[in-house]
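Coordinate analysis (summary)
Chain by chain, the residues run as shown.
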Amino acid sequence: MGKAIFFSVPAYGDTNPLLATLKELTLRGEHIIYYGTKEFKEIIEETGVEFREYKGNINYIDFDLAEKNMLGLLKSMLKFTYDKLTNNIDDVYREKPDYILHGSMSSHGKILGRILNIKTINLLHSAPIGPGDIKPNIGLLFTFIFPLLGYMIYSRFNKNSLPYKIKKEFSYKINFMDLTVNREELNLVYSSEFLSPELASKEKSFKFIGPSLYFKDRESKNYEV
């Protein structure tokens, strides 16, 4: 029986697909400590895991920016990441978990694993996109690629930028292209390999296990992981 800490971001789309996994781990005797925001406390505790509310001041990521300003979304995620790193690292150190589970957008989980030398596992609730799956076009260049490159250059020299602070304080260099995937040595993907053919064929660390369904009443066979 082991102990794990699970990190997520405040979004139902990042939480609900992983409930069955949390339930199954507890049924197998694992002690799971789940860090989240208070609006998710009830549904998380229903799975049997131990819920803890994140410490810190930033409990929101502006996912609405995804449709019009991807760089703005990444910056919002960075703010959340930095806040959770600085305010929760002491708790993780005291708990000394056997491993860390984190959602694909929870960079702080990956970074904490590196800092504290704890094994980390990435759970992707949707199909990941490999470099070969992206079809470049003029719109993408001007709305995302060029602004991202500019921000990366700016961040290398501006001491007030979050990438600079994370590198300075935690000795970890943020990989912007991997920020929403957070690739690990083991990545469990809750979708079909046919949706990410390049990664499925070339990246052995990605294990496509299919969709995960969760209902509270397992005895009625309405539960699947």
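Rules of the game
Counting restarts for each chain, with residues numbered from 1 along the sequence as it is written. Thresholds applied to this predicted model are a pLDDT of at least 70 for local features of residues and 80 or more for the giving and counting of side-chain atom pairs; totals over whole chains, interfaces and linings are not thresholded and use all residues. Excluding hydrogens and water, the side-chain figures rest on all heavy atoms present in the structure. Strands here are runs of E lasting at least two residues and helices are runs of H or I lasting at least four, both read from the DSSP assignment and numbered beginning at the N terminus. Under the convention used throughout, the expected extent of a helix is 1.5 Å for every residue step, that is, one less than its residue count. The term bend refers to the angle at a residue between two fitted axes, each drawn through seven residues, those ending there and those starting there. Here an angle of 0 to 180 degrees is reported between the N-to-C directions of two axes, which are lines fitted to C-alpha atoms, with helices fitted over the stretch in contact. In these notes the angle categories are as follows: under 35 degrees is roughly parallel, over 145 is roughly antiparallel, 65 to 115 is roughly perpendicular, and the rest is oblique. Crossing chirality is assigned from the near helix's rotation relative to the far helix, an anticlockwise turn below a right angle marking it left-handed and a clockwise turn marking it right-handed. Residue contacts follow a heavy-atom distance rule, with two residues in contact if any of their heavy atoms lie within 4.5 Å. Classification used: nonpolar for Ala, Val, Leu, Ile, Met, Phe, Trp, Tyr, Cys and Pro, charged for Asp, Glu, Lys and Arg, polar for all others including Gly.

With that settled, consider helix 4 (residues 70–95). The end-to-end C-alpha separation of helix 4 is 35 Å, in line with the 38 Å expected for 26 residues at 1.5 Å each. By the largest-angle criterion, Asn-88 marks the main kink of helix 4, which is about 50 degrees. Within two residues after helix 4, Lys-96 carries a phi angle of roughly 50 degrees, on the positive side.

A few words now on the packing of helix 4 against helix 7 (residues 162–170). It is the contact of helix 4 with helix 7, at a shortest axis distance of 10 Å, that shows an interaxial angle of 25 degrees. Classified by the angle between their axes, helix 4 and helix 7 sit roughly parallel to one another. Along this stretch, helix 4 crosses helix 7, giving a crossing that reads as left-handed. On helix 7, the residues that touch Leu-78, Lys-79, Thr-81, Tyr-82, Leu-85, Thr-86 and Ile-89 of helix 4 are Leu-162, Pro-163, Lys-165, Ile-166, Glu-169 and Phe-170. Considering only residue class, the contact of helix 4 with helix 7 consists of eight nonpolar, two polar and three charged.

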